[in-house]
Amino acid sequence: MIRVVVTGAAGRMGREVVKAVSRTPGMEVVGAVDPGHPGQDVGLLAGIEALGVTVRGDLAEVLRTSKATVMVDFTTPGAAVANIKTALEYGVRPVVGTTGIAQRDVEEIKAICREKRLGGLIVPNFALGAVLMMHFAGIAARYFPDVEIIELHHPQKLDAPSGTALQTADIVARSRQEKGVGDRTEVEKLDGARGGNLEGVRIHSVRLPGLVAHQEVIFGGLGQTLTIRHDSTSRESFMPGVIMAIKKVMELEQLVYGLDRLIFG
Ligand code: NAP
């Protein structure tokens, strides 16, 4: 049995994780942390049967008492970094979906995992379709070096651009020959009109009600465009990836960033 503690258990993603883990043979929810909802049964909070696991506010206390082996974190960047460090102190493997974690924090966490020989996963997007979109974008960028990214999310999302857009831009920048962006003499009449710029890849962020998580990678060539688009229309789309990560992290002895490393090697 893989014993899972869910941090951010009362959040939109946390509740989906509680449902998915409790339905998966070979794993169980043994702890739940969310400072906003202490005292509630996490199963009832997730809209399923009572699991006999009460939501608590203090992760360290939950780790001390639950004999957890994996922590799944969907919180905020600041909370996630503190939670990961606490989990590693207790020998618990982190599987992290929280986006917006700074690169220097990822490096520090990598070093702790290496020192403790503990597996960990930080995954900006758990949807298989999104992982494939990034992979295909990397291939297309070899042939179409002119590319811009539009990511679209629900308005409660706290970070912009999305972790997926940043990862896609990084993959594109590493796949293609160095390339400028637009015309050198172009003038931005409104701040931000041309979006953010990561290594020459423009990223545009849209936030609207009705959206979940979507991204278009648009390539331009002579007389043609190629668009690769992925849509997560429900948060369930992330759950097969989360379940796969919980299983895989048990075999790792280091921190791995991105699900692509596990799928494509
Ligand atoms: P959400 O609904 O706001 O849930 C976050 C939850 O974490 C809230 O209940 C929050 O409580 C709680 N929290 C805050 N600090 C905490 C702490 N120290 N310990 C435990 N819980 C804490 O957000 P969401 O939509 O679930 O998204 C969460 C994160 O996942 C975001 O970074 C989002 O971008 C990311 N995400 C990733 C993927 C992926 O595939 N990797 C997919 C979707 C979303 P309060 O509300 O009381 O502060």
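In this text the structure is predicted, and so the values were computed from the model without any measurement. (Residues numbered from 1 in each chain as written. Predicted model: local features only at pLDDT ≥ 70, side-chain atom pairs only at ≥ 80, totals over all residues. Heavy atoms only, no water.)

Asks: Just checking my understanding: could you explain the domain arrangement of the protein chain for this structure?
Replies: By a widely used convention, the size of an interface equals the accessible area lost when the partners come together. Looking at the protein chain, the domain boundaries give domain 1 (2-122 + 236-263) and domain 2 (128-233). One C-alpha centre belongs to domain 1, the other to domain 2, and the line joining them spans 29 Å. If you look at the interface, domain 1 gives eleven residues, while domain 2 gives eleven residues. Approximately 830 Å² of surface area, both sides summed, lies buried where domain 1 meets domain 2, with 59% of it carried by carbon and sulfur atoms. Where domain 1 touches domain 2, the interface holds zero salt bridges. Remark: the boundary between domain 1 and domain 2 carries three residue pairs in polar contact (both at pLDDT 80 or more). (Domains from an automatic or database assignment. Contact = heavy atoms within 4.5 Å. Buried area = accessible area lost by both parts, 1.4 Å probe. Salt bridge = Lys/Arg side-chain N within 4 Å of Asp/Glu carboxyl O. Polar contact = N/O pair within 3.5 Å; in protein donor to acceptor, adjacent residues only side chain to side chain.)

Asks: Even after reading the chapter, I still don't get the packing of helix α3 (residues 59-66) against helix α4 (residues 77-89), so can you show me in this structure?
Replies: Each packed pair of helices is defined by two parameters, the angle between the axes and the distance between the axes. Between α3 and α4, the least distance of the axes is 10 Å, while the angle of their chain directions is 30°. Compared by their axis directions, α3 and α4 come out roughly parallel. As α3 packs across α4, the resulting crossing turns out to be right-handed. Each of Leu 59, Ala 60 and Leu 63 in α3 lies in contact with α4, whose residues at this interface are Asn 83, Thr 86 and Ala 87. Split by residue class, the contact of α3 with α4 holds four nonpolar, two polar and no charged. (Axes fitted to C-alpha atoms, helices over the stretch in contact; angles between N-to-C directions. Helix = DSSP H or I, 4+ residues; strand = E, 2+ residues; numbered from the N terminus. Parallel < 35°, antiparallel > 145°, perpendicular 65-115°, else oblique. Left-handed = near helix turned anticlockwise from the far one by under 90°. Nonpolar A, V, L, I, M, F, W, Y, C, P; charged D, E, K, R; others polar.)

Asks: Whenever I open this one, the pattern of salt bridges confuses me. Can you help?
Replies: Side chains that carry opposite charge are capable of pairing whenever their charged atoms lie near each other. Throughout the structure, instances matching the rule amount to twelve salt bridges. When the shortest N-O distance is used, the salt bridge between Lys 110 and Glu 107 registers 4.0 Å. Of the two residues, Lys 110 and Glu 107 both sit in helix α5 (residues 103-116), three residues apart, roughly one turn of that helix. Residue Arg 229 pairs with Glu 216 through a salt bridge whose shortest N-O separation is 2.8 Å. With Arg 229 in strand β11 (residues 224-232) and Glu 216 in strand β10 (residues 213-221), this residue pair connects regions lying 13 residues apart in the sequence. Here the salt bridges do not stand alone but share partners, grouping Glu 148, Glu 186 and Arg 194 into one network.

Asks: Looking at this model, I keep getting lost on the site of the ligand. Mind explaining?
Replies: Neighbouring residues of the ligand: 23 residues in total, closest Met 13, Asp 34, Thr 99, Val 123 and Phe 126. Between the ligand and Gly 11 there is a distance of 3.5 Å, counted from an oxygen atom to a backbone nitrogen or oxygen. Taking Val 123, its main chain carries an N or O atom lying 2.8 Å from a nitrogen atom of the ligand. Secondary structure elements with two or more residues in the shell around the ligand: α1 (12-23) and α4. When the residues that make up the shell around the ligand are grouped by side-chain class, the tally is ten nonpolar, nine polar and four charged. (Near = heavy atom within 4 Å.)

Asks: Explain the nonpolar core here, please?
Replies: One broad rule of soluble globular proteins: the nonpolar side chains tend to lie buried together. Among the nonpolar cores identified, the biggest contains 59 residues, and Val 72, Phe 126, Phe 219 and Ile 246 are the most heavily contacted of them. Mapping this core onto the domain boundaries places at least three of its residues in each of domain 1 (2-122 + 236-263) and domain 2 (128-233). Each residue touching Ile 246, except ones within four places of it in the same chain, is listed here: Ile 2, Val 4, Val 21, Met 27, Val 70, Val 72 and Val 95. Counting 22 residues, the second largest nonpolar core, distinct from the first, contains Leu 63, Ile 84, Ile 109 and Ile 122. (Core = buried A, V, L, I, M, F, W, Y, C linked by side-chain atoms within 4.5 Å. Buried < 20%, exposed > 50% of the residue type's maximum accessible area, 1.4 Å probe, protein only.)

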